[in-house]
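# Summary of structural features
Residue-level listing of the chains:
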Amino acid sequence: MNVGIESISFYSSHYYIDLKTLAERRNLPPEKFYQGIGQEKMAVPPPDEDIVTMAANAGFNALKNIDKGKIDTVLFATESGIDQSKAAGIYVHSLLELPQNCRVVELKQACYSGTGGLQMAFAYVHTYPQRKVLVFTADVARYGLCSAGEPTQGAGAAAMVISAEPKILALDAESGFYTQDVMDFWRPNYRDEALVDGKYSVRVYLKALAESWTDYRQKSGKAFAEFEKFAYHLPFTRMGEKAHLHLAKTVGVQNLTDDQLLAQIRETLIYNRITGNSYAASLYIGLISLLENCPRDLGGKNLGLFSYGSGCVGEFFSGVIQKGYREFLLKEEHKTMLESRTELTCDEYEYFYTFPLPSDGSDFELPRNKTGRFRLAALKDHKRIYERVP
Ligand code: CAA
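Let me begin by describing the structure that accompanies this report.

About the criteria used
Residues numbered from 1 in each chain as written. Predicted model: local features only at pLDDT ≥ 70, side-chain atom pairs only at ≥ 80, totals over all residues. Heavy atoms only, no water. Buried < 20%, exposed > 50% of the residue type's maximum accessible area, 1.4 Å probe, protein only. Helix = DSSP H or I, 4+ residues; strand = E, 2+ residues; numbered from the N terminus. Pairing = 2+ DSSP bridges. Right-handed = clockwise from strand over helix to strand, strands pointing away.

### Regarding the pairing of strand S6 (residues 132-141)
A large share of S6 lies buried, amounting to ten of its ten residues. Where strand S4 (residues 71-77) meets S6, six bridges bridge the pair, whose relative direction is parallel. In the strand pairing of S6, Thr73 is matched with Val133. Strand direction decides the pairing type here: S6 and strand S7 (residues 154-163), joined by nine bridges, are antiparallel. In the sheet register, Leu134 faces S7, and the bridge partner there is Val161.

### Considering the sheet that holds strand S2 (residues 15-18)
Strand order in the open sheet formed by three strands is S3-S2-S15, with mixed pairing between adjacent strands. Looking at strand neighbours, the two that pair on one side only are strand S3 (41-43) and strand S15 (342-343), the edges of this open sheet. Sheet analysis places S2 next to S15, joined by two bridges and oriented parallel. Note on S15: the bridge partner recorded for Tyr16 is Glu343.

### Here's the deal with the pairing of strand S5 (residues 103-107)
Where S4 lies against S5, five bridges are found, and the strand directions are parallel. Pairing of Ala77 across the sheet is with Leu107, part of S5. Note that the unit made of S4, helix H4 (residues 88-95) and S5 has a crossover that is right-handed.

Everything listed here is a matter of geometry and, on its own, says nothing about what the molecule does.
Now the structure itself:
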(Lines give C-alpha, C1' and ligand atoms only; values in the text may rest on other atoms or scores of the structure.)
Protein backbone atom coordinates (compact mmCIF):
# COMPACT_ATOMS: atom_id res chain seq x y z
CA MET A 1 0.00 0.00 0.00
CA ASN A 2 1.26 3.50 -0.86
CA VAL A 3 0.79 6.28 1.66
CA GLY A 4 1.75 9.91 1.21
CA ILE A 5 0.63 13.36 0.11
CA GLU A 6 -2.75 13.45 -1.61
CA SER A 7 -3.08 17.23 -1.64
CA ILE A 8 -0.78 20.12 -0.68
CA SER A 9 -1.08 23.91 -0.56
CA PHE A 10 0.63 26.88 1.04
CA TYR A 11 -0.12 30.44 2.03
CA SER A 12 2.08 33.40 2.83
CA SER A 13 1.28 36.90 4.04
CA HIS A 14 -0.19 39.41 1.61
CA TYR A 15 2.61 41.87 2.50
CA TYR A 16 6.34 41.74 1.84
CA ILE A 17 9.41 43.92 1.92
CA ASP A 18 11.98 43.82 -0.86
CA LEU A 19 15.37 43.08 0.68
CA LYS A 20 16.89 45.86 -1.45
CA THR A 21 14.74 48.26 0.58
CA LEU A 22 15.93 46.67 3.84
CA ALA A 23 19.57 46.71 2.70
CA GLU A 24 19.34 50.42 1.90
CA ARG A 25 17.90 51.19 5.36
CA ARG A 26 20.53 49.07 7.12
CA ASN A 27 23.40 50.51 5.03
CA LEU A 28 24.32 47.14 3.56
CA PRO A 29 24.97 46.17 -0.07
CA PRO A 30 21.79 44.55 -1.53
CA GLU A 31 23.98 41.82 -3.10
CA LYS A 32 24.65 40.51 0.38
CA PHE A 33 20.96 39.58 0.65
CA TYR A 34 20.19 38.81 -3.01
CA GLN A 35 23.33 36.71 -3.59
CA GLY A 36 25.02 36.10 -0.23
CA ILE A 37 21.95 34.62 1.47
CA GLY A 38 19.87 34.17 -1.70
CA GLN A 39 16.73 36.05 -0.63
CA GLU A 40 14.87 38.78 -2.56
CA LYS A 41 11.63 39.36 -0.69
CA MET A 42 10.49 38.66 2.82
CA ALA A 43 6.85 38.06 3.81
CA VAL A 44 5.69 40.31 6.64
CA PRO A 45 2.46 39.37 8.41
CA PRO A 46 0.15 42.25 9.42
CA PRO A 47 -1.07 42.25 13.06
CA ASP A 48 -4.33 40.45 12.15
CA GLU A 49 -2.50 37.53 10.48
CA ASP A 50 -0.89 34.69 12.50
CA ILE A 51 -0.15 30.95 12.30
CA VAL A 52 -3.87 30.15 12.62
CA THR A 53 -5.05 32.39 9.78
CA MET A 54 -2.16 31.34 7.53
CA ALA A 55 -2.73 27.63 8.18
CA ALA A 56 -6.49 28.00 7.67
CA ASN A 57 -5.85 29.62 4.28
CA ALA A 58 -3.45 26.85 3.23
CA GLY A 59 -5.91 24.23 4.52
CA PHE A 60 -8.86 25.78 2.69
CA ASN A 61 -7.11 25.15 -0.65
CA ALA A 62 -5.62 21.76 0.28
CA LEU A 63 -9.12 20.48 1.17
CA LYS A 64 -10.78 21.62 -2.08
CA ASN A 65 -11.06 18.13 -3.56
CA ILE A 66 -11.02 16.13 -0.33
CA ASP A 67 -13.92 14.53 1.49
CA LYS A 68 -13.54 16.32 4.86
CA GLY A 69 -15.52 13.54 6.55
CA LYS A 70 -12.53 11.22 6.16
CA ILE A 71 -10.19 13.47 8.17
CA ASP A 72 -10.04 12.26 11.76
CA THR A 73 -6.65 13.66 12.81
CA VAL A 74 -5.16 17.16 12.57
CA LEU A 75 -1.48 17.68 13.43
CA PHE A 76 -0.30 21.29 13.68
CA ALA A 77 3.48 21.86 13.65
CA THR A 78 4.78 25.23 14.76
CA GLU A 79 7.37 27.03 16.88
CA SER A 80 5.33 30.27 16.87
CA GLY A 81 2.69 29.02 19.31
CA ILE A 82 -0.08 31.46 20.25
CA ASP A 83 -1.07 29.74 23.50
CA GLN A 84 0.80 27.63 26.05
CA SER A 85 -2.10 25.22 26.40
CA LYS A 86 -4.62 25.21 23.56
CA ALA A 87 -3.49 23.77 20.22
CA ALA A 88 -3.59 26.30 17.37
CA GLY A 89 -5.04 23.51 15.21
CA ILE A 90 -8.34 23.66 17.12
CA TYR A 91 -9.02 27.18 15.84
CA VAL A 92 -8.19 26.00 12.32
CA HIS A 93 -10.36 22.89 12.75
CA SER A 94 -13.24 25.22 13.56
CA LEU A 95 -12.55 27.75 10.77
CA LEU A 96 -12.41 24.92 8.21
CA GLU A 97 -15.49 23.17 9.63
CA LEU A 98 -13.78 19.80 10.05
CA PRO A 99 -15.65 16.83 11.58
CA GLN A 100 -15.98 16.88 15.36
CA ASN A 101 -14.98 13.22 15.67
CA CYS A 102 -11.42 14.30 15.13
CA ARG A 103 -8.28 14.58 17.27
CA VAL A 104 -6.14 17.74 17.12
CA VAL A 105 -2.60 18.07 18.48
CA GLU A 106 0.16 20.70 18.28
CA LEU A 107 3.75 19.54 17.67
CA LYS A 108 7.00 21.35 18.43
CA GLN A 109 10.65 20.82 17.57
CA ALA A 110 11.77 24.01 15.84
CA CYS A 111 11.57 23.76 12.03
CA TYR A 112 11.54 19.93 12.13
CA SER A 113 8.17 19.21 13.75
CA GLY A 114 6.15 19.11 10.51
CA THR A 115 8.24 16.18 9.34
CA GLY A 116 7.64 14.43 12.68
CA GLY A 117 3.92 14.99 12.02
CA LEU A 118 4.18 13.69 8.48
CA GLN A 119 5.85 10.48 9.66
CA MET A 120 3.24 9.98 12.40
CA ALA A 121 0.51 10.48 9.79
CA PHE A 122 2.24 7.97 7.49
CA ALA A 123 2.26 5.27 10.19
CA TYR A 124 -1.34 6.06 11.22
CA VAL A 125 -2.71 5.80 7.68
CA HIS A 126 -0.88 2.48 7.24
CA THR A 127 -2.92 1.20 10.18
CA TYR A 128 -6.21 2.85 9.09
CA PRO A 129 -6.07 3.20 5.30
CA GLN A 130 -9.62 4.57 5.05
CA ARG A 131 -8.73 7.62 7.14
CA LYS A 132 -6.92 10.82 6.23
CA VAL A 133 -4.68 13.09 8.30
CA LEU A 134 -4.35 16.85 7.83
CA VAL A 135 -0.83 18.08 8.65
CA PHE A 136 -0.21 21.82 9.07
CA THR A 137 3.15 23.55 9.28
CA ALA A 138 3.00 27.29 10.03
CA ASP A 139 5.44 29.84 11.41
CA VAL A 140 6.42 33.48 11.61
CA ALA A 141 10.24 33.86 11.68
CA ARG A 142 11.39 36.74 13.91
CA TYR A 143 14.97 37.62 14.90
CA GLY A 144 14.68 41.31 15.69
CA LEU A 145 15.12 44.57 13.80
CA CYS A 146 18.74 45.23 12.80
CA SER A 147 19.87 41.73 13.85
CA ALA A 148 22.04 39.52 11.59
CA GLY A 149 19.06 37.20 11.21
CA GLU A 150 16.71 40.01 10.09
CA PRO A 151 16.98 39.32 6.32
CA THR A 152 16.24 35.63 7.00
CA GLN A 153 12.81 36.29 8.50
CA GLY A 154 9.54 35.51 6.72
CA ALA A 155 6.18 33.82 7.26
CA GLY A 156 4.09 31.07 5.78
CA ALA A 157 2.06 27.92 6.23
CA ALA A 158 1.66 24.66 4.33
CA ALA A 159 -1.18 22.15 4.60
CA MET A 160 -0.96 18.51 3.46
CA VAL A 161 -3.54 15.75 3.33
CA ILE A 162 -1.88 12.41 4.04
CA SER A 163 -3.77 9.37 2.83
CA ALA A 164 -3.60 5.99 1.13
CA GLU A 165 -4.35 7.80 -2.17
CA PRO A 166 -1.08 9.74 -2.52
CA LYS A 167 -1.76 11.52 -5.79
CA ILE A 168 1.33 13.72 -5.41
CA LEU A 169 4.09 11.99 -3.40
CA ALA A 170 4.19 8.43 -2.04
CA LEU A 171 6.50 8.36 0.98
CA ASP A 172 9.12 5.63 1.44
CA ALA A 173 9.05 3.74 4.73
CA GLU A 174 12.74 4.21 5.57
CA SER A 175 14.20 7.45 6.80
CA GLY A 176 17.36 8.47 8.64
CA PHE A 177 17.45 10.72 11.68
CA TYR A 178 19.85 12.51 13.99
CA THR A 179 19.40 14.28 17.33
CA GLN A 180 21.95 16.27 19.32
CA ASP A 181 21.47 18.63 22.26
CA VAL A 182 22.86 21.93 20.92
CA MET A 183 22.00 25.62 21.37
CA ASP A 184 22.18 26.95 17.82
CA PHE A 185 18.74 28.59 17.83
CA TRP A 186 16.05 28.74 20.52
CA ARG A 187 13.28 30.96 21.88
CA PRO A 188 12.71 31.12 25.64
CA ASN A 189 9.07 31.52 26.73
CA TYR A 190 9.58 35.18 27.67
CA ARG A 191 10.70 36.23 24.17
CA ASP A 192 8.87 36.62 20.89
CA GLU A 193 12.10 36.73 18.90
CA ALA A 194 14.49 33.82 18.47
CA LEU A 195 18.02 33.77 19.88
CA VAL A 196 20.49 32.36 17.40
CA ASP A 197 24.17 31.61 16.99
CA GLY A 198 23.93 32.06 13.23
CA LYS A 199 27.22 30.69 11.91
CA TYR A 200 27.13 27.79 14.39
CA SER A 201 23.55 26.98 13.29
CA VAL A 202 24.76 26.60 9.70
CA ARG A 203 27.49 24.18 10.81
CA VAL A 204 25.09 22.13 12.93
CA TYR A 205 22.59 21.97 10.03
CA LEU A 206 25.32 20.53 7.78
CA LYS A 207 26.41 18.02 10.40
CA ALA A 208 22.82 16.88 10.99
CA LEU A 209 22.41 16.46 7.23
CA ALA A 210 25.49 14.25 6.86
CA GLU A 211 24.53 12.15 9.91
CA SER A 212 20.89 11.78 8.80
CA TRP A 213 21.99 10.76 5.31
CA THR A 214 24.37 8.10 6.69
CA ASP A 215 21.55 6.67 8.81
CA TYR A 216 19.17 6.79 5.82
CA ARG A 217 21.68 5.10 3.53
CA GLN A 218 22.27 2.27 6.02
CA LYS A 219 18.56 1.67 6.53
CA SER A 220 17.31 2.08 2.96
CA GLY A 221 20.29 1.01 0.86
CA LYS A 222 19.40 3.85 -1.56
CA ALA A 223 22.25 5.75 -3.22
CA PHE A 224 22.55 9.49 -3.98
CA ALA A 225 22.48 8.73 -7.73
CA GLU A 226 18.99 7.23 -7.50
CA PHE A 227 17.46 10.64 -6.76
CA GLU A 228 16.30 12.93 -9.52
CA LYS A 229 15.66 15.89 -7.20
CA PHE A 230 16.30 16.95 -3.60
CA ALA A 231 14.41 19.36 -1.32
CA TYR A 232 15.90 20.93 1.81
CA HIS A 233 14.76 22.92 4.80
CA LEU A 234 15.34 26.49 3.56
CA PRO A 235 16.04 29.09 6.27
CA PHE A 236 17.40 31.05 3.28
CA THR A 237 17.95 29.67 -0.20
CA ARG A 238 21.77 29.78 -0.12
CA MET A 239 21.54 27.34 2.80
CA GLY A 240 19.83 24.82 0.50
CA GLU A 241 22.65 25.22 -2.03
CA LYS A 242 25.33 24.86 0.65
CA ALA A 243 23.56 21.79 2.01
CA HIS A 244 23.26 20.02 -1.33
CA LEU A 245 26.92 20.62 -2.26
CA HIS A 246 27.91 19.45 1.23
CA LEU A 247 25.89 16.24 0.89
CA ALA A 248 27.38 15.54 -2.55
CA LYS A 249 30.88 16.03 -1.11
CA THR A 250 30.15 13.82 1.90
CA VAL A 251 28.82 11.09 -0.39
CA GLY A 252 31.80 11.49 -2.73
CA VAL A 253 29.87 12.42 -5.89
CA GLN A 254 32.39 12.88 -8.71
CA ASN A 255 30.44 12.70 -11.95
CA LEU A 256 28.43 15.93 -11.49
CA THR A 257 29.63 19.53 -11.61
CA ASP A 258 28.42 22.04 -9.01
CA ASP A 259 26.04 23.49 -11.62
CA GLN A 260 24.58 20.05 -12.30
CA LEU A 261 24.18 19.43 -8.58
CA LEU A 262 22.49 22.80 -8.05
CA ALA A 263 20.09 22.02 -10.89
CA GLN A 264 18.82 19.15 -8.71
CA ILE A 265 17.36 21.66 -6.22
CA ARG A 266 16.89 24.81 -8.36
CA GLU A 267 13.09 24.85 -8.56
CA THR A 268 12.69 24.22 -4.81
CA LEU A 269 14.15 27.68 -4.13
CA ILE A 270 11.74 29.82 -6.19
CA TYR A 271 8.92 30.40 -3.68
CA ASN A 272 11.15 30.59 -0.58
CA ARG A 273 13.31 33.24 -2.25
CA ILE A 274 10.29 35.58 -2.26
CA THR A 275 8.57 34.56 0.98
CA GLY A 276 11.54 34.02 3.34
CA ASN A 277 11.91 31.56 6.17
CA SER A 278 8.68 29.99 7.39
CA TYR A 279 10.50 27.58 9.75
CA ALA A 280 8.37 24.38 9.88
CA ALA A 281 6.67 25.19 6.56
CA SER A 282 9.76 26.04 4.56
CA LEU A 283 10.67 22.49 3.40
CA TYR A 284 7.10 21.93 2.26
CA ILE A 285 6.82 25.28 0.47
CA GLY A 286 10.07 24.25 -1.26
CA LEU A 287 8.46 20.94 -2.25
CA ILE A 288 5.45 22.76 -3.74
CA SER A 289 7.82 25.13 -5.52
CA LEU A 290 9.63 22.18 -7.12
CA LEU A 291 6.49 20.41 -8.27
CA GLU A 292 4.86 23.56 -9.66
CA ASN A 293 7.91 25.04 -11.36
CA CYS A 294 9.88 22.12 -12.77
CA PRO A 295 9.30 22.17 -16.53
CA ARG A 296 9.92 18.42 -16.77
CA ASP A 297 7.34 15.85 -15.73
CA LEU A 298 8.80 14.27 -12.57
CA GLY A 299 6.20 11.49 -12.36
CA GLY A 300 7.83 8.22 -11.22
CA LYS A 301 11.05 9.93 -10.04
CA ASN A 302 12.66 9.59 -6.61
CA LEU A 303 12.81 12.69 -4.41
CA GLY A 304 15.11 13.08 -1.37
CA LEU A 305 14.08 15.49 1.41
CA PHE A 306 16.00 16.85 4.37
CA SER A 307 14.22 18.39 7.33
CA TYR A 308 16.18 20.28 10.01
CA GLY A 309 15.04 21.77 13.30
CA SER A 310 17.53 23.61 15.47
CA GLY A 311 18.25 22.29 18.88
CA CYS A 312 18.57 19.88 16.97
CA VAL A 313 16.83 17.13 14.98
CA GLY A 314 17.52 16.24 11.35
CA GLU A 315 15.74 13.71 9.16
CA PHE A 316 16.51 12.58 5.62
CA PHE A 317 13.54 10.88 4.01
CA SER A 318 12.31 10.15 0.52
CA GLY A 319 9.37 9.46 -1.73
CA VAL A 320 8.29 8.77 -5.27
CA ILE A 321 6.60 11.60 -7.17
CA GLN A 322 3.39 10.11 -8.53
CA LYS A 323 2.53 9.81 -12.22
CA GLY A 324 -0.09 12.45 -13.11
CA TYR A 325 0.77 14.59 -10.03
CA ARG A 326 0.50 17.82 -12.03
CA GLU A 327 -3.25 17.45 -12.35
CA PHE A 328 -3.58 17.72 -8.54
CA LEU A 329 -1.37 20.77 -7.94
CA LEU A 330 -2.88 24.15 -6.98
CA LYS A 331 -0.46 26.18 -9.05
CA GLU A 332 -2.92 28.86 -10.20
CA GLU A 333 -4.10 29.58 -6.63
CA HIS A 334 -0.49 29.97 -5.47
CA LYS A 335 0.46 32.13 -8.44
CA THR A 336 -2.48 34.47 -7.85
CA MET A 337 -1.66 34.73 -4.14
CA LEU A 338 2.00 35.56 -4.77
CA GLU A 339 1.30 38.00 -7.62
CA SER A 340 -1.32 39.99 -5.74
CA ARG A 341 0.90 40.83 -2.75
CA THR A 342 1.58 44.40 -1.61
CA GLU A 343 5.09 45.75 -1.17
CA LEU A 344 5.85 47.59 2.08
CA THR A 345 8.20 50.49 2.72
CA CYS A 346 10.73 49.95 5.49
CA ASP A 347 8.65 52.15 7.84
CA GLU A 348 5.54 50.09 7.13
CA TYR A 349 7.49 46.85 7.75
CA GLU A 350 8.81 48.17 11.06
CA TYR A 351 5.30 49.32 12.02
CA PHE A 352 3.85 45.83 11.43
CA TYR A 353 6.85 44.25 13.12
CA THR A 354 6.57 46.30 16.30
CA PHE A 355 2.76 46.60 16.38
CA PRO A 356 1.88 46.89 20.08
CA LEU A 357 -0.59 44.06 20.72
CA PRO A 358 -1.61 44.23 24.40
CA SER A 359 0.28 41.77 26.57
CA ASP A 360 -1.68 42.50 29.78
CA GLY A 361 -4.92 40.82 28.72
CA SER A 362 -6.82 44.00 27.78
CA ASP A 363 -9.47 43.79 25.12
CA PHE A 364 -8.39 44.99 21.71
CA GLU A 365 -9.85 45.14 18.20
CA LEU A 366 -7.29 44.62 15.46
CA PRO A 367 -7.11 47.05 12.55
CA ARG A 368 -8.24 45.41 9.33
CA ASN A 369 -5.46 44.69 6.84
CA LYS A 370 -5.46 42.57 3.73
CA THR A 371 -5.41 38.91 4.77
CA GLY A 372 -6.71 35.79 3.07
CA ARG A 373 -10.08 34.25 3.91
CA PHE A 374 -9.55 34.44 7.68
CA ARG A 375 -8.23 37.02 10.13
CA LEU A 376 -7.58 37.60 13.81
CA ALA A 377 -10.34 40.09 14.65
CA ALA A 378 -9.86 40.81 18.35
CA LEU A 379 -8.46 39.89 21.72
CA LYS A 380 -11.32 39.71 24.20
CA ASP A 381 -11.46 38.32 27.75
CA HIS A 382 -7.96 36.87 27.18
CA LYS A 383 -9.26 34.97 24.12
CA ARG A 384 -8.26 35.20 20.47
CA ILE A 385 -11.26 35.86 18.24
CA TYR A 386 -10.90 34.78 14.62
CA GLU A 387 -13.32 35.60 11.81
CA ARG A 388 -13.95 34.84 8.17
CA VAL A 389 -13.22 37.71 5.81
CA PRO A 390 -16.43 38.49 3.92
N1 CAA B 1 27.87 40.43 -2.07
C2 CAA B 1 27.65 39.08 -2.15
N3 CAA B 1 27.73 38.26 -1.07
C4 CAA B 1 27.99 38.81 0.13
C5 CAA B 1 28.22 40.20 0.28
C6 CAA B 1 28.14 41.01 -0.88
N7 CAA B 1 28.34 42.35 -0.84
N8 CAA B 1 28.48 40.44 1.58
C9 CAA B 1 28.44 39.25 2.22
N10 CAA B 1 28.14 38.27 1.34
C11 CAA B 1 27.98 36.85 1.62
C12 CAA B 1 29.02 36.29 2.58
O13 CAA B 1 30.22 35.98 1.91
C14 CAA B 1 28.30 35.06 3.09
O15 CAA B 1 28.36 34.03 2.13
P16 CAA B 1 28.91 32.57 2.53
O17 CAA B 1 28.04 32.08 3.66
O18 CAA B 1 28.74 31.76 1.31
O19 CAA B 1 30.32 32.76 2.97
C20 CAA B 1 26.83 35.51 3.16
O21 CAA B 1 26.74 36.66 2.30
C22 CAA B 1 26.34 35.89 4.56
O23 CAA B 1 27.13 36.90 5.05
P24 CAA B 1 27.89 36.81 6.46
O25 CAA B 1 28.80 35.64 6.45
O26 CAA B 1 28.48 38.14 6.73
O27 CAA B 1 26.79 36.39 7.49
P28 CAA B 1 25.83 37.23 8.42
O29 CAA B 1 26.58 37.69 9.62
O30 CAA B 1 25.07 38.23 7.65
O31 CAA B 1 24.83 36.06 8.88
C32 CAA B 1 23.35 34.25 8.80
C33 CAA B 1 24.23 35.17 7.97
C34 CAA B 1 24.19 33.47 9.81
C35 CAA B 1 22.62 33.30 7.89
C36 CAA B 1 22.31 35.15 9.58
O37 CAA B 1 21.44 35.74 8.66
C38 CAA B 1 21.49 34.39 10.61
O39 CAA B 1 21.91 34.22 11.76
N40 CAA B 1 20.28 33.88 10.21
C41 CAA B 1 19.42 33.13 11.13
C42 CAA B 1 19.94 31.73 11.42
C43 CAA B 1 19.79 30.77 10.27
O44 CAA B 1 19.02 30.98 9.35
N45 CAA B 1 20.50 29.65 10.36
C46 CAA B 1 20.42 28.61 9.35
C47 CAA B 1 20.71 27.25 9.91
S48 CAA B 1 19.63 26.90 11.31
C49 CAA B 1 18.13 26.47 10.57
O50 CAA B 1 18.07 26.14 9.43
C51 CAA B 1 16.89 26.51 11.40
C52 CAA B 1 16.16 27.77 11.07
O53 CAA B 1 15.28 27.77 10.21
C54 CAA B 1 16.51 28.97 11.80
